[in-house]
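Chain by chain, the residues run as shown.
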Amino acid sequence: MLYHFSELRYVLKIAKLAISKKAQLVVIQKSLSHLWPLAVLQLMGVKIVLSLHNGIWPTHRKANNRDKRLLFMNKVFYHRCHAILTIGPAVYNQVIEAMPRCASRVRMHIPQYDQHCRTLWRDRPPKKIDEPFTLIFVGRIEKNKGVFDLFEAFERLAGAYPNLRLLYIGGGRALEILKEKGATSAYADRIAVFGRVDGARVFAELDAADLFICPTHSGFSEGLTKTPVEASLRGLSSVVTTAVPTRLILQD
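Residues numbered from 1 in each chain as written. Predicted model: local features only at pLDDT ≥ 70, side-chain atom pairs only at ≥ 80, totals over all residues. Heavy atoms only, no water.

Counting secondary structure elements, the protein chain contains nine helices and nine strands. With the principal axes as the frame, the protein chain shows a C-alpha extent of 65 × 40 × 35 Å. Taking all contacts inside the protein chain whose residues are at least 6 apart in sequence as the whole, residues at least 24 apart take part in 69%. Of the roughly 14,300 Å² of accessible surface on the protein chain, a fraction of 56% belongs to carbon and sulfur atoms. (Helix = DSSP H or I, 4+ residues; strand = E, 2+ residues; numbered from the N terminus. Contact = heavy atoms within 4.5 Å. Areas by Shrake-Rupley, 256 points an atom, 1.4 Å probe, with all protein chains shown as cover.)

With respect to the element layout, Glu230 can be found in helix H8 (residues 227-233). At 5.2 Å, Lys226 is the nearest oppositely charged side chain to Glu230, a buried residue that forms no salt bridge. A polar atom in the side chain of Glu230 sits 2.8 Å from the side chain of Tyr113. Those residues within four positions of Glu230 in sequence are excluded, and the remaining contacts are Tyr113, Phe203 and Leu206. (Buried < 20%, exposed > 50% of the residue type's maximum accessible area, 1.4 Å probe, protein only. Lys, Arg positive; Asp, Glu negative; His and termini not counted. Salt bridge = Lys/Arg side-chain N within 4 Å of Asp/Glu carboxyl O. Polar contact = N/O pair within 3.5 Å; in protein donor to acceptor, adjacent residues only side chain to side chain.)

Our focus in this paragraph is the pattern of salt bridges. Considering all chains together, one arrives at eight salt bridges under this definition. Salt-bridge contacts for Glu222 lead to Lys145; the nearest nitrogen and oxygen are separated by 2.7 Å. Placement of the pair is Glu222 in the loop between strand E8 (211-214) and H8 and Lys145 in the loop between strand E5 (133-138) and helix H5 (147-158), with a sequence separation of 77 residues. Exposure class is identical for Glu222 and Lys145. Each is buried. For Glu205, the salt bridge identified is with Arg201, shortest N-O distance 2.9 Å. Taken as a pair, Glu205 and Arg201 lie in helix H7 (residues 199-208) at a separation of four residues, close to a single helical turn. On the basis of relative accessible area, Glu205 is assigned to the buried category, the value being 15%. We classify Arg201 as partly exposed; its relative accessible area is 33%.

Before going further, it helps to spend a moment on the packing of aromatic side chains. The tally for this structure, following the rule as stated, stands at two aromatic pairs. Relative to Tyr78, the ring of Phe77 lies with its centre 6.0 Å away and its plane at 65°, an arrangement referred to as edge-to-face. One exposure class covers both Phe77 and Tyr78, and it is buried. Aromatic side chains Phe137 and Tyr168 sit 5.9 Å apart centroid to centroid with 55° between the ring planes, which places their arrangement in the tilted category. Of this pair, Phe137 sits in strand E5 while Tyr168 sits in strand E6 (residues 164-169), placing them 31 residues apart in sequence. Given a relative accessible area of 3%, Phe137 falls into the buried group. Against the face of Phe194 rests Arg201, its NZ or CZ located 4.5 Å from the ring centre. (Phe/Tyr/Trp six-rings, centres within 6.5 Å; stacked < 30°, edge-to-face > 60°. Lys NZ or Arg CZ within 6 Å of the ring centre and 35° of its normal.)

Okay, the pairing of strand E3 (residues 83-87) next. The element E3 is extensively covered by neighbouring structure, given that four of its five residues are classed as buried. In this sheet, E3 lies alongside strand E2 (residues 47-52) in parallel orientation, the contact comprising four bridges. Following the sheet pairing, Val49 is matched in E3 by Ala83. Traced from E2 through helix H3 (residues 65-80) to E3, the parallel crossover comes out right-handed. Both E3 and strand E4 (residues 106-109) contribute to a ladder of four bridges, which runs parallel. If you follow Ile87 over to E4, its bridge partner there is His109. Chirality of the crossover, the property in question, places the unit of E3, helix H4 (residues 88-98) and E4 among those that are right-handed. (Pairing = 2+ DSSP bridges. Right-handed = clockwise from strand over helix to strand, strands pointing away.)

Function cannot be inferred from these measures alone, as they are strictly geometric.
Below you can see the structure in the form of structure tokens.
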């Protein structure tokens, strides 16, 4: 309940700010459960562009009763949006399915990458797991991103495969906990938790790795998840959970 009250307070602050600035157009870039209070702005003639970075509900499943209740509450707001931008096909399909009347105002965005990021089809001879083999995770270090599940899976395999190595890149609320687990693990010499690094370092580590892992939990509403795309741009294969809609773009 506190979560919902806090989100409503945030939305009302947006509305208050827009009114105080006499805004003509508001771009909302945050995925919120409670958008319906912003319909007041729309009734006042303020145009709103909604940018959906995450799914309206987890994209690997159908909307449940809770999702449908929130959709019902937000329907007037969605129908009055000047435009809706969605990241990737999974979120786009959700909006079209849930609100077909909005179809003419929905646009899909796919992230673009400069040519220097691309080394597609770079020759990567297949390796056996008993050779030096690096698993890599790039993303936010959060529990719902599956970082601890990956850690546990690695520890189960590490004894049988002494050449297996695990690398984490990214910042997040669980970073220090993960660092501590890595430092106290029986396989600490084969686990690296780098935290945040720059883009050049990310691509360098992707080039040196052998398999990308994206283990997001099924309860999290991913919109696209760009990191498996970035891995594929470097010719690196990925293992992803069903909660990661990037599979709709990468396919086989």
